[in-house]
Amino acid sequence: MGGMNLPRGLWQYQFLDLQRLLLVLVPLLTMRLFAEERKLGTLELLWTYPVRDAEIIVGKFLACLAVVSAMIAATATYPFLLARLTPVAAGPLVAGYVGLWLLAAAFVACGLFVSALTESQLIAASATYGVLLFFWVITWNEAAVNEVTLHLLVPFSLFDRFYAFAIGAIDTQNVAYLVLFTSAFLAFTILALDTRRWRGLR
Amino acid sequence: MTASRATRHWTQLGLQVTLLLVALGLLQVAAERTGRRFDLTPTRGLSLSPVTEKIVRQVDTPMRLTVFYRRGTREQHADLLARLRVMNPRLEFELLDLDRFPDRARSLGVTQYGRAAIEYGGRRVVVPALPEEALAGGILRAMRGKARRIAFTTAHGEPRATVGSSPRSRRRTTRSTACRSSRGRSRRERTSSSSPGPSTTSCRRSWPPWRST
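Since this is a predicted model, take the numbers as computed values, not measurements.

**Q** Can you explain the overall build of chain B? Please cite residues and give values.
**A** If you tally the helices and strands in chain B, you get seven helices and five strands. Its helices and strands taken in sequence order, chain B reads α-β-α-β-α-β-α-β-β-α-α-α from the N to the C terminus. When the 213 residues of chain B are sorted by exposure, 38% land in the buried category. Carbon and sulfur atoms provide 55% of the accessible area of chain B, an area that totals close to 12,800 Å².

**Q** Quick one: what's the story with the pairing of strand β3 (residues 91–97) of chain B, residue by residue and with numbers?
**A** Sheet topology places strand β2 (residues 63–69) of chain B next to β3 of chain B; seven bridges connect them, and they run parallel. Its bridge partner being in β3 of chain B, T66 of chain B is matched across the sheet by E94 of chain B.

**Q** Explain the interface of chain B and chain A to me, and be specific about the residues and the numbers.
**A** At the interface, 33 residues of chain B touch 35 residues of chain A. Buried surface at the junction of chain B and chain A, both sides included, amounts to about 2,900 Å², of which 63% is carbon and sulfur. The largest contributions to the chain B side of the interface with chain A come from L40, R74 and R100 of chain B, which together make up 20% of the buried area. At the surface where chain B touches chain A, the tally comes to two salt bridges. The shortest N-O distance in the salt bridge between D171 of chain A and R37 of chain B comes to 2.6 Å. Along the contact surface separating chain B from chain A lie seven residue pairs in polar contact (both at pLDDT 80 or more). Sorting the residues of the side of chain B that touches chain A by element identifies α1 (3–33), β1 (37–39), α3 (74–87) and β3 of chain B as the ones contributing at least two each. In terms of residue count, the dominant contributor to the side of chain B that touches chain A is α1 of chain B (twelve residues). Class assignment for the residues of the side of chain B that touches chain A results in 17 nonpolar, seven polar and nine charged.

**Q** Go over α1 of chain B with me, naming the residues and quoting the values.
**A** If you check α1 of chain B, its first and last C-alpha atoms are 45 Å apart, about what 31 residues at 1.5 Å a residue would give, namely 45 Å. Along α1 of chain B, the residues that are buried comprise H9, L13, L24, Q28 and A31 of chain B. Of the surrounding elements, those touching the buried residues of α1 of chain B are α9 (158–166) and α10 (172–198) of chain A.

**Q** Lay out the packing of aromatic side chains with the relevant residues and their values.
**A** Residue and element names in this part refer to chain A. Overall, the coordinates contain twelve aromatic pairs over all chains when judged by the stated rule. Centre to centre, the rings of F134 and F135 are 5.4 Å apart; their planes meet at 75°, and the pair counts as edge-to-face. Relative accessible area serves as the criterion here: at 17%, F135 is assigned to the buried category. A ring pair is formed by F159 and Y163, whose centres lie 6.4 Å apart and whose planes are at 35°; its orientation type is tilted. In this pair, F159 and Y163 are both assigned in helix α9, four residues apart and thus about one turn of the helix distant. Y163 matches F159 in its accessibility class, with the two residues each being buried. Taken together, the ring pairs connect F113, F134, F135, Y177, F181, F185 and F188 into an aromatic cluster. One Lys or Arg, K60, reaches over the ring of F34 and ends 5.3 Å from the middle of that ring. Over the ring of Y177 we find R161; its NZ or CZ atom is 4.6 Å from the centre of that ring.

Cut-offs applied
- Within any chain, residue numbers begin from 1 and follow the written order of that chain's sequence.
- Labels are handed out in written order, letters beginning with A for the chains and numbers beginning with 1 for the ligands.
- Reporting of local features is limited, given that this is a predicted model, to residues whose pLDDT is at least 70; pairs of side-chain atoms are given and counted only at 80 or more, and all residues count toward the totals for whole chains, interfaces and linings.
- To get the side-chain values, all heavy atoms of the structure are used, and hydrogens and water are removed first.
- Under the DSSP-based scheme used, a helix requires at least four consecutive residues in state H or I and a strand at least two consecutive residues in state E, with every element numbered from the N terminus.
- Three exposure classes are used, based on accessible area relative to the maximum for each residue type with a 1.4 Å probe and protein chains only: buried under 20%, partly exposed in between, and exposed over 50%.
- To measure how exposed things are, a 1.4 Å probe is used in the Shrake-Rupley method; for residues, cover is taken only from the protein chains shown.
- One requirement defines pairing of two strands: DSSP has to find at least two bridges between them.
- Residue contacts are counted whenever heavy atoms from the two residues lie within 4.5 Å of one another.
- The buried area of a pairing is the accessible area, by a 1.4 Å probe, that goes missing from both parts when the two are put together, added over both.
- Whenever Lys or Arg places a side-chain nitrogen within 4 Å of a carboxyl oxygen from Asp or Glu, that contact is recorded as a salt bridge.
- Counting of polar contacts relies on pairs of N or O atoms within 3.5 Å, with two restrictions inside protein: one atom must be capable of donating a hydrogen and the other of accepting it, and residues adjacent in sequence are counted only when both atoms are side-chain atoms.
- Under the scheme applied here, ten amino acids are nonpolar (Ala, Val, Leu, Ile, Met, Phe, Trp, Tyr, Cys and Pro), four are charged (Asp, Glu, Lys and Arg), and all others, including Gly, are polar.
- One less than the residue count of a helix, multiplied by 1.5 Å, gives the span that helix is expected to have.
- Here is the rule: rings of Phe, Tyr and Trp (six-membered ring for Trp) pair when centre to centre is within 6.5 Å. Planes less than 30 degrees apart are stacked, more than 60 are edge-to-face, and the remainder are tilted.
- Over a ring means this: the NZ of a Lys or the CZ of an Arg is within 6 Å of the ring centre and within 35 degrees of the ring normal.

Purely spatial values, then, with no claim about function.
Below, the structure written as structure tokens:
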């Protein structure tokens, strides 16, 4: 532990806990974004609106991210309360929350994509857990893979990417990875919905 | 939908996904190569110190760092090494689990967890891989280490430095000469690997040979 070092001894562990909470909560929020619409048949109605597909997808993404952001913002209560008792350095908190928000965006994009693939909310939630857990624990079992493979896997690990934020540093390459991860899944969502059209599915 | 049209659609989809992944991959590679760290901690404890930066920038030919970690501590070493590499791409590093590669560690003179074997210009130095100062000190030693020239004075009543006197003195002389000439090599590695931080060579204690008992 970090002893009296608040960034290392307290915030680091708080952010590492919050990321696990996000991992559990976000799939539950994203599972019905498209799956429920498709099951109820309201997706057809949505397509008839004079907006482009990408706009619908981005709209749903931003709406879900807004909900998650509100949840994340609520956790800022703790630093504010602590700041009334003792000086708190803002820097590590900023880094942690930036990382948490980027991670939440990546999770939401992933959940949105999986939700666009199925009509079942249950499948959407569990498949999202599966994908996110894969990117999460990809490097956890260091002993199971050889060094060359581990070296190739580490850049894809969400855990490794988030760790730097949690300890109070913003690395541009980690920011780029999370942004590109989000962009990739949003693009995949557009492609997934497009395929259902030419495949004759709803 | 006819089969040919379905095939065309699937091919088109595969192409789009591939192009997307390649484009995003290239962007990430560019981001990795131009990476920058914003250390927001009050003490700037996550940044390299100016001294370390200066030392690392001086490396002008490829330097290889092989770090042997204890399982579960990989991340601590990887973070520091990645920062060093961003500072100077000539630094190549490899992180190995000591328990999985004991032979490799032995061949590099490493016998303990958390040690780095630094190879540079035909020399090899083994130092603690953490903290940053210890590793920077090792890099500096690897860069500055040179083969020492040993000169002997004669005709002033000194014992003979060449082979020829008693077997005992010959043994001492040979051992001491080897120690001095291979400064920063295996003997020093063994000494430094048993204690953290910059170490003194055990050779120095036995020099000059005629003073040792």
